[in-house]
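Structural overview
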Amino acid sequence: MRKLFLLLLLVLSSCYAFAEKPSKERGAASKKQAAQQTQPKQSSAYAQDQINRKKAMLNFKMIFVEGGSFTMGCTAEQGEDCVKSEKPAHPVFVRSYAISKNLVTQRQWREVMGKNPSVMGDDDSPVTNVSWNDVQKFLKKLNNFLGKNYRLPTEAEWEYAARGGTYTNDMKYSGSNDIGEVGWYKNNSNDVIHPVGRKKGNELEINDMSGNIWEWCSDWYASYPEDTETELINPQGGETGTERVVRGGYYEGPATFCRVSCRNKNKPDQASDIIGFRLVEDRDGNE
């Protein structure tokens, strides 16, 4: 009888153990499932933080430029420094737009394209060694990410902004008749590229439009029209060509390259360590 009682206890204990095991397994499975459910939320939050950080890095300061008329090319304040490519001076009207206060930096390029092609300067220096074609790829990726329509300035937009738009004081350089006040060139740069925005801005508070590096424009390079009476409306440059316009001068060049009317050019598939760019976007009316 005692043996029978002990056997019954053993059976009951075994049943109890077997009954408990699935419960523990269910508890472990529930914890694992809960962890799996929270992990995507954590990953999603991290991804959103990264997107927000990237957007903050790519928050370009844009300066509104009210549309208006101006004389483009070799105007009186340019004196004897004018060359043939700047002539004849001719009337132009440009519509309102916004232009970036600073050149696109090496840090901003890397945020979009993944690597920095520049060979000189730091993260806050303008990106260089990018071809016109490279810039188009950058703009496509940037606009897709931000939902914007940034582009390069036309040559007319570039010169109008460099002259100060409707606030122009008819200066030889962008914002001054003293190049050392507003730009880096061979006499003050120590032969190096400088971070953006370290010199005085022009009448619109746009920086570095004279000196530091040349800047890509959207236009095909072409001679100016001989007609000096008919006002051109938002000119886009040549219909075709082999070279794109660059403007502004650079850190190793003479002061004359930094004048607001000085023109230069480069093949669109050729990158240069003295050429960078800034952004423009269309704007309607007054702001």
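Use the structure listed above.
Residues numbered from 1 in each chain as written. Predicted model: local features only at pLDDT ≥ 70, side-chain atom pairs only at ≥ 80, totals over all residues. Heavy atoms only, no water.

1. Some details on the sheet that holds strand β10 (residues 280–282)
The strand order β1-β4-β10 describes an open sheet built from three strands, whose pairing is antiparallel. The open sheet has two free edges, formed respectively by β1 (62–65) and β10, since each of these has just one partner strand. Pairs of neighbouring strands in the sheet enclose a mean axial angle of 25°, with direction left out of account. Pairing analysis gives three bridges linking strand β4 (residues 97–100) to β10, with the strands arranged antiparallel. Paired with Ile99 across the bridge in β10 is Val280. (Pairing = 2+ DSSP bridges. Helix = DSSP H or I, 4+ residues; strand = E, 2+ residues; numbered from the N terminus. Axes fitted to C-alpha atoms, helices over the stretch in contact; angles between N-to-C directions.)

2. What to know about the sheet that holds strand β2 (residues 68–72)
Strands sit in the order β2-β3-β6 across an open sheet of three strands; the sheet is mixed. In the strand order of this sheet, the two ends are held by β2 and β6 (232–233), each with one partner. Looking at chain direction, strand β3 (residues 90–94) and β6 are connected through two bridges and run parallel. Bridge assignment links Phe93 to a residue of β6, and that residue is Ile233. Contacts from helix α4 (residues 155–162) reach β2 and β3 within the one sheet, and its direction differs from that of β2 by about 95°. (Contact = heavy atoms within 4.5 Å.)

3. So, the packing of aromatic side chains
Under the definition given, this model contains eight aromatic pairs. With 6.0 Å between their ring centres and 75° between their planes, Trp109 and Phe277 make a pair best called edge-to-face. Of this pair, Trp109 sits in helix α2 (residues 106–113) while Phe277 sits in the loop between β9 (275–276) and β10; the two residues are 168 residues apart in sequence, bridging distant segments of the chain. Like Phe277, Trp109 is buried. Consider the rings of Phe138 and Phe277, whose centres lie 5.4 Å apart with planes at 75°: the pair is edge-to-face. Of the two residues, Phe138 sits in helix α3 (residues 132–146) while Phe277 sits in the loop between β9 and β10, which places them 139 residues apart along the sequence. Overall, the relative accessible area of 0% leaves Phe277 in the buried class. Among the aromatic residues, those joined into a ring-pair cluster are Trp214, Tyr250, Tyr251 and Phe257. The ring of Trp132 is capped by Arg244, whose NZ or CZ atom sits 3.8 Å from the centre of that ring. When the ring centre of Trp220 is taken as reference, the NZ or CZ atom of Arg244 above it lies at 3.6 Å. (Phe/Tyr/Trp six-rings, centres within 6.5 Å; stacked < 30°, edge-to-face > 60°. Buried < 20%, exposed > 50% of the residue type's maximum accessible area, 1.4 Å probe, protein only. Lys NZ or Arg CZ within 6 Å of the ring centre and 35° of its normal.)

4. A look at the state of the cysteines
What the rule picks out here adds up to one disulfide. One disulfide in the model links Cys74 with Cys82; its S-S distance is 2.2 Å. A torsion of 105° about the S-S bond marks the disulfide between Cys74 and Cys82 as right-handed. Here Cys262 stays free of any disulfide, with the sulfur of Cys258 as its closest cysteine sulfur at 8.1 Å. For Cys262, a relative accessible area of 6% corresponds to the buried category. (Disulfide = S-S within 2.5 Å.)

5. Description of the environment of Ile213
Mapped onto the secondary structure, Ile213 falls in the loop between α5 (179–182) and β5 (214–220). On a C-alpha basis, the gap between Ile213 and Thr128 in space is 8.1 Å, while along the polypeptide they are 85 residues apart.

6. Describing α2
Along α2, the residues classified as buried are Gln106, Gln108, Trp109, Glu111 and Val112. Gly114, located one to two residues past α2, shows a positive phi value of around 95°.

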